[in-house]
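Coordinates in review
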Amino acid sequence: MSATLSDYAVLIDAGFKLSFFQTQEAHVDFNPPDNIILNSSTSRPVLCFRADPDGAADLKLKVEVQKLGTGDEATVLSLPMKSSEPRTVHEVLGGSQLHTGTNRFVFKVDEESGGSVSVTDVVLLYRRPVNG
């Protein structure tokens with residue numbers, strides 16, 4: 001087996017605010033390098049971000065990934081937000097959830113209960129070969 005290394009991509013730094021009654025979803029696109037390691041049981045990509053709900057938040061933050069150009073999509077996570085505590089989220093992705101073409105992460109809220117959540121610092125950790 002060839003040597004690999006961990007790498008990362010900052011997908012968005014400043015962020016966006018989501019609310020059921022205003023902006024319900026935001027898209028973040030990612031074009032991985034051609035040599036990204038996918039479909040490995042031990043070297044799967046990790047999606048990381050900061051979620052900061054407001055004091056009145058009672059909603060569910062969902063993240064989906066779409067493989068643009070293929071019609072494939074999958075839910076990555078569904079996370080209840082019922083407090084004002086900011087948190088970091090680290091979600092291990094299934095190796096088949098990404099592809100070497102353009103991937104779109106869709107962040108959305110789907111509860112009518114109220115409040116909002118700010119999402120910032122979206123980063124994808126991944127593995128790739130050392131020589132490549």
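Check the entry above for the structure.
Residues numbered from 1 in each chain as written. Predicted model: local features only at pLDDT ≥ 70, side-chain atom pairs only at ≥ 80, totals over all residues. Heavy atoms only, no water.

**Observations concerning the pairing of strand β4 (residues 46-53)**
Most of β4 sits inside the fold, with six of its eight residues counted as buried. Pairing geometry for β4 and strand β7 (residues 87-92), over six bridges, is antiparallel. Following the sheet pairing, A51 is matched in β7 by R87. Strand direction decides the pairing type here: β4 and strand β9 (residues 116-129), joined by seven bridges, are antiparallel. Counterpart to A51 in the pairing with β9 is V119. (Buried < 20%, exposed > 50% of the residue type's maximum accessible area, 1.4 Å probe, protein only. Helix = DSSP H or I, 4+ residues; strand = E, 2+ residues; numbered from the N terminus. Pairing = 2+ DSSP bridges.)

**Let's talk about the environment of L59**
For L59, the position within the fold is in strand β5 (residues 59-67). Here L59 falls in the buried class, since its relative accessible area comes to 3%. Sequence-wise, L59 and T120 are 61 residues apart; in three dimensions their C-alpha atoms are separated by 17 Å.

The values reported here are purely geometric and, on their own, carry no functional implication.
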